[in-house]
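Listed below, chain by chain, are the residues.
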Amino acid sequence: MSFDLQNVSRRGALKTLGVASGLVIAAPIVAKGVRAEAMGTAGKLVSTAYLTIAENGDAHIFIHRVEMGQGSRTGLPQVVADELEADWGRLVFEPAFGDRKFGDQNTDGSTSIRRFYDAFRHAGAAARQMLEQAAASHWGVAPSDVEAKNHRIHNKVTGASEDFAAFVKAASKLEVPAADDVKLKSRPQWRYIGKPVRNIYMKDIITGSSQFGQDVRKEGMLFAVAARPPVVGGTLKSYDKEAAMAVQGVVDVVELPALTLPAIFKPLGGVAVLATNTWSAMKGREALNAQFEGGENADYDTSEYEKTLWASIEGKDTTHLKRGDAGAVIAASDDILSADYFVPHQHHMTMEPPAATAVWEGENLKMWVCCQDPQAVQNSVAPFVGKQPPEIYVEATLLGGAFGRKSKPDFAVEAALLARHAGKPVKMVWTREDDVHHGYFHTVSALRVTAAMDGGKVTAWKQKAAYPSIGGTFNPAANGPGSFELGLGLLDLPFSVENLQVDGGDAKAHARIGWLRSVANIQQVFATGSFVDELAHKAGKNTVDMWMDMIGEDRLINPTDDMPDLIPGDEGKSTYGNYGESLERHPFDTARLKAVLRKVADMAGYGRDMPEGKGMGVCVHRSFSSYVACAIEVEVADGGALKIPRAWMAVDCGVAVNPDRVKSQMEGAVVFALSHALHGEISFEKGAVVQSNFDGYPVCRIDEAPHVETAIIASDRVPGGVGEPGVPPVAPALVNAIFAATGKRIRRLPVRDQLMA
Amino acid sequence: MDFKLNGQTVSFDGDGEMPLLWFLRDLQGMTGTKFGCGAGLCGACTVHVDGMAARSCQTFMEDVEGMEVTTIEGLASGDTLHALQVAWAENDVPQCGYCQAGQIMQAASLLSENPSPSDQEIEEAMYGNICRCGTYQRIKKAIRDVADGKVKGGAL
Ligand code: FES
Ligand code: FES
């Protein structure tokens, strides 16, 4: 994957975002005829890049994906250990370091289990088969007469059994079976897949010994804090080096290279203070009194920009999807409904602010970073230090939350440059204020939906979205949503409605726009899920029935059927990315969508009588190849005080490798989505972010978190994503519940004080 | 000046205005206590000062003279984990884990003052501790399990 994004086409940039189609995932399954020895140190059994069995029989698992709370570093070992027939206590977990041999490491887009389930099953099964084969030859019996069980091979003829260790050496001389020759276990034989295995980092976390990016320590290291231009593309004007140097503990003051747009993952510029501890560095930064010049985004003001977005909604349509003629049907109908929705910039607000540590040993650079993608760190740092990406050793630490922020390693480049300058290890520490001021924000969106009905049946649906694209962070020409963004909830609207149209409106970015947990689904499903509820009320139906009617019969949806070659220019036609998966492997199945909605309605007792001031809302959505329905119960007091006692989630994610982690991800998604729906807003004035910390950008605290009950639909389908799909249906379910309780329709997030009398 | 850190006497002769958080993390290399906001807003940096939960980012070195400071690293006695640590594991509370040292220290101080808190009292005591991953319902359940005597301290 090339990382010189300066000149790439919009579509090229999108590949790097990992949300468009065509992302190539190298699943290093070994080609026929390769001997295990050829891949690793003699005497060890290397089945693929992901698994090595040491001479003592211990299974070393190279979990190339990172851990940010989503559970991949427990789930992937479950998969490989299961097929290997390993004893869980004999697993050794190797750190996630960046190396192309592992294939894609960008732990983003809810892909870890979805894309590596097969490769990890094969890695385990291949090694098991080789051990069995070695044992069979040793005992002089047929391979079918031996069986691996819990880290031992059993001889079914003699009843003898030996630890894996006895056969590693012999097995390492065998050919690694090619993918087609690997025999996978059947579901009833599974011992770890589908079981609630405990987080592998549990003990470290509860005793305080886990190591996050902020926690890295290296001999003789310095701590860095930087003052960066508040406006993206702004420049450093002046600073008082002497004043900073006078602060006890400050060692040096170093300028960072100014940013040239597009921002990509490059550092923002400014000036850093290096000190013997973080607190001195922070005090030094204060003393700097750094001043900045605005640059081309210095006029960005979100309250003004909102008007620009609504003008774009009124203005030219770029049509991305069209079935029938929604415009004509709506124009001719006397039963129409139209509503406008607005979602502001939101921020990841990871509990752990970004941090990166760099160590130069002569010309060699080593880094420890709370990154979502160690290869992206290699790629981003390399051009700044005159190296090739593979020459840089990058280890991903644990991540104290990420949600998309930590796949953008601007902070790692800073660390590498400062460590080289200092000739000492440097940890670049971002404070909470740095994190809020210098995020890659979720975009700001205006959306309009218009529908025509006939006798309570929706006959036409027209939806338009105007928001700056993530593409703008990579290519200044980006102007309004790309099809990779509309593909997250709009191009794949699940409706059987005869006349359907999806349009985009122009919108230029004036900040670094990035992907945030579930990305454009956030605003798009907020509008769709709210509007279905509005239509249901207008038609005098309940919302679950309305959804069922609109979805229609069980079928597989192929959005490309409704994507005529509408968009001229280098964009060609719109495409439907399907989260980077083929529709053959991950079809869009309306039966599964309806099933989760039915399930959540049952669990929540949807339709039951509720006392005055209470209400329930629902929404359903498919994203990242998984289907999630949400129901929320609210209670609104006379003065407008809102309580959210309970929420229900029904999820169909195919095979659930770790059901307890699936549940916890749904619980977390509810709180994450409610945080944004209730409170989340980043605003800009004079090009700079207004908010700074948890006071200006509140997230839900314990008293606001509902009790979440989750049902997982039993399934044999290939695994879908889990980290993100819980988020989209929550905000619409919330505002629908508020409407049911109060008759007040919230069309603008966050809810904040809109209910206050 | 001297104070006790997890039972050991330590001395400090630097700037008394240095927050305890940075003394722990940067000077002592004890990184179990986390940096979340630096402003008393998130609770990630919670430790015990003379048995009471305190935000170490808002506690200055000059204030801990002669005091007894306990961090997450000192909560267990040897291999015997605090009951809350066991309850956290049994309920699989952590997601990313970053906030959890602060959550556990806050909960431990609650239970030492009030061994059988009501649900309301749990929410009030834990209000200052943010979990961005949204593990709140498991936090409540884990505290409840300990308060109800369902989970005891011990090895994992
Ligand atoms: S870091 Fe001390 S309260 Fe947040
Ligand atoms: S577990 Fe991630 S912030 Fe609490």
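## Topic: the overall build of chain B
Here comes step 1: Each helix and strand counted, chain B has five helices and five strands in total.
Here comes step 2: Its helices and strands in sequence order give chain B the pattern β-β-α-β-β-β-α-α-α-α, from N to C terminus.
Here comes step 3: A globule of 156 residues ought to have a C-alpha radius of gyration of about 15 Å, and chain B, at 15 Å, matches this closely.
Here comes step 4: If you line up chain B on its principal axes, its C-alpha atoms span 45 × 30 × 25 Å.
Here comes step 5: Considering chain B as a whole, with its 156 residues, one finds that 60% of them fall into the buried category.
Here comes step 6: At a minimum sequence separation of 6, the contacts of chain B that also span at least 24 residues come to 62%.
Here comes step 7: Counting only carbon and sulfur atoms, one obtains 44% of the accessible surface of chain B, whose full area is about 5600 Å².
Here comes step 8: Between the centroid of the 11 positive side chains of chain B and the centroid of its 21 negative side chains there is a distance of 12 Å.

## Let's talk about the packing of helix α2 (residues 83-90) of chain B against helix α3 (residues 100-113) of chain B
All names here are of chain B.
Here comes step 1: Running from N to C, α2 and α3 cross one another at 130°; their axes reach a closest spacing of 10 Å. By the angle between their axes, α2 is oblique relative to α3. When the axes of α2 and α3 are compared, the crossing they make is right-handed. Contacts between α2 and α3 involve Leu84, Gln85 and Trp88 from the former and Gln100, Gln103, Ile104, Ala107, Ala108 and Leu111 from the latter.
Here comes step 2: Here the residues of the contact of α2 with α3 are counted per class, giving six nonpolar, three polar and no charged.

## Focus: the domain arrangement of chain A
Residue and element names in this part refer to chain A.
Here comes step 1: Annotation of chain A at the domain level lists domain 1 (10-207), domain 2 (220-296 + 354-429) and domain 3 (302-346 + 440-756).
Here comes step 2: Taking the mean C-alpha position of each, domain 2 and domain 3 sit 36 Å from one another.
Here comes step 3: Contact with domain 3 buries area across many residues of domain 2, yet Ile264, Phe403 and Lys408 alone supply 41% of it, more than any other trio.
Here comes step 4: Between Arg512 and Asp410 there is a salt bridge, with its nearest N and O atoms 2.9 Å apart.
Here comes step 5: The tally of links between domain 2 and domain 3 comes to seven residue pairs in polar contact (both at pLDDT 80 or more).
Here comes step 6: Taken together, the residues of the side of domain 2 that touches domain 3 break down into nine nonpolar, two polar and four charged.

## Section: the pattern of salt bridges
Here comes step 1: This model, assessed by the stated rule, comprises 53 salt bridges over all chains.
Here comes step 2: Salt bridges here are not isolated pairs; linked through shared partners, they connect Asp660, Arg661 and Glu667 of chain A together with Asp92 and Arg138 of chain B.

## Describing the layout of surface pockets
All names here are of chain A.
Here comes step 1: Each pocket or cavity is described by its volume, and for the largest pocket that value is around 640 Å³.
Here comes step 2: Around the largest pocket, the lining comprises 27 residues; the ones closest to its centre are Leu642, Lys643, Leu678, Asp703 and Glu704.
Here comes step 3: Sorting elements by how many residues they give to the lining of the largest pocket places strand β27 (residues 642-652) first, with four residues.

## Observations regarding the interface of chain A and chain B
Here comes step 1: With 62 residues of chain A in contact, the opposing surface of chain B contributes 52 residues.
Here comes step 2: The contact between chain A and chain B buries some 4800 Å² in all, and 58% of this surface belongs to carbon and sulfur atoms.
Here comes step 3: Between the two partners, chain A and chain B, sit six salt bridges.
Here comes step 4: Across the pair Asp215 of chain A and Arg25 of chain B runs a salt bridge whose closest N-O atoms are separated by 3.0 Å.
Here comes step 5: At the boundary of chain A with chain B, the tally comes to 25 residue pairs in polar contact (both at pLDDT 80 or more).
Here comes step 6: At the level of elements, α6 (202-207), α8 (278-288), β19 (426-429), α13 (432-437), α18 (659-678) and β30 (707-712) of chain A are the ones that each hand at least two residues to the side of chain A that touches chain B.
Here comes step 7: The element best represented in the side of chain A that touches chain B is α18 of chain A, accounting for 11 residues.
Here comes step 8: The residue makeup of the side of chain A that touches chain B, split by class, is 25 nonpolar, 21 polar and 16 charged.

## With respect to the pairing of β27 of chain A
Residues and elements named next belong to chain A.
Here comes step 1: Here strand β26 (residues 626-636) runs beside β27; their pairing, made up of nine bridges, is antiparallel. Bridge pairing in β27 links Val628 to Val651.
Here comes step 2: Taken together, β26 and the strand that follows it, β27, pair antiparallel across an intervening segment of five residues, in which Gly640 is found at a positive phi of about 105°.
Here comes step 3: Summarising the sheet, β27 and β30 pair through six bridges and their orientation is parallel. Along β30, the bridge assignment pairs Ala650 with Ala711.

## A look at the confidence of the model for chain A
Here comes step 1: Taken as a whole, chain A shows an average pLDDT of 92; of its residues, 93% reach a score of 70 or greater.
Here comes step 2: In the predicted structure, residues 568-572 of chain A sits below a pLDDT of 50 and forms five contacts with residues beyond four places in sequence or in another chain.

## Examining the sheet that holds strand β1 (residues 45-48) of chain A
All names here are of chain A.
Here comes step 1: With mixed pairing, four strands are arranged side by side in an open sheet as β1-β2-β3-β4. This sheet does not close on itself; its edge strands, each paired only once, are β1 and β4 (91-94). Adjacent strand axes in the sheet meet at a mean angle of 20°, parallel and antiparallel pairs treated alike.
Here comes step 2: Here β1 runs beside strand β2 (residues 51-53); their pairing, made up of three bridges, is antiparallel. The residue of β2 that forms the bridge with Thr48 is Leu51.

## Let's talk about the domain arrangement of chain B
Residues and elements named next belong to chain B.
Here comes step 1: Assigned domains of chain B: these are domain 1 (2-74) and domain 2 (83-147).
Here comes step 2: Put simply, the middle of domain 1 and the middle of domain 2, counted by C-alpha atoms, are 20 Å apart.
Here comes step 3: Of the roughly 1200 Å² buried at the junction of domain 1 and domain 2 (both faces included), carbon and sulfur atoms supply 57%.
Here comes step 4: For the side of domain 1 that touches domain 2, a count of residues per class yields eight nonpolar, seven polar and two charged.

Cut-offs and rules
- Residues numbered from 1 in each chain as written.
- Chains lettered and ligands numbered in written order.
- Predicted model: local features only at pLDDT ≥ 70, side-chain atom pairs only at ≥ 80, totals over all residues.
- Heavy atoms only, no water.
- Helix = DSSP H or I, 4+ residues; strand = E, 2+ residues; numbered from the N terminus.
- Rg over C-alpha atoms; globule rule 2.2 N^0.38 Å.
- Buried < 20%, exposed > 50% of the residue type's maximum accessible area, 1.4 Å probe, protein only.
- Contact = heavy atoms within 4.5 Å.
- Areas by Shrake-Rupley, 256 points an atom, 1.4 Å probe, with all protein chains shown as cover.
- Lys, Arg positive; Asp, Glu negative; His and termini not counted.
- Charge placed at Lys NZ, Arg CZ, Asp CG, Glu CD.
- Axes fitted to C-alpha atoms, helices over the stretch in contact; angles between N-to-C directions.
- Parallel < 35°, antiparallel > 145°, perpendicular 65-115°, else oblique.
- Left-handed = near helix turned anticlockwise from the far one by under 90°.
- Nonpolar A, V, L, I, M, F, W, Y, C, P; charged D, E, K, R; others polar.
- Domains from an automatic or database assignment.
- Buried area = accessible area lost by both parts, 1.4 Å probe.
- Salt bridge = Lys/Arg side-chain N within 4 Å of Asp/Glu carboxyl O.
- Polar contact = N/O pair within 3.5 Å; in protein donor to acceptor, adjacent residues only side chain to side chain.
- 1 Å grid on protein atoms, 1.4 Å probe; cavity = no way out; pocket = protein on both sides within 12 Å on 5 of 7 lines; lining within 4 Å.
- Points joined across faces, edges and corners; volume = space filled by probe spheres on them.
- Pairing = 2+ DSSP bridges.
- pLDDT = per-residue confidence, 0-100.

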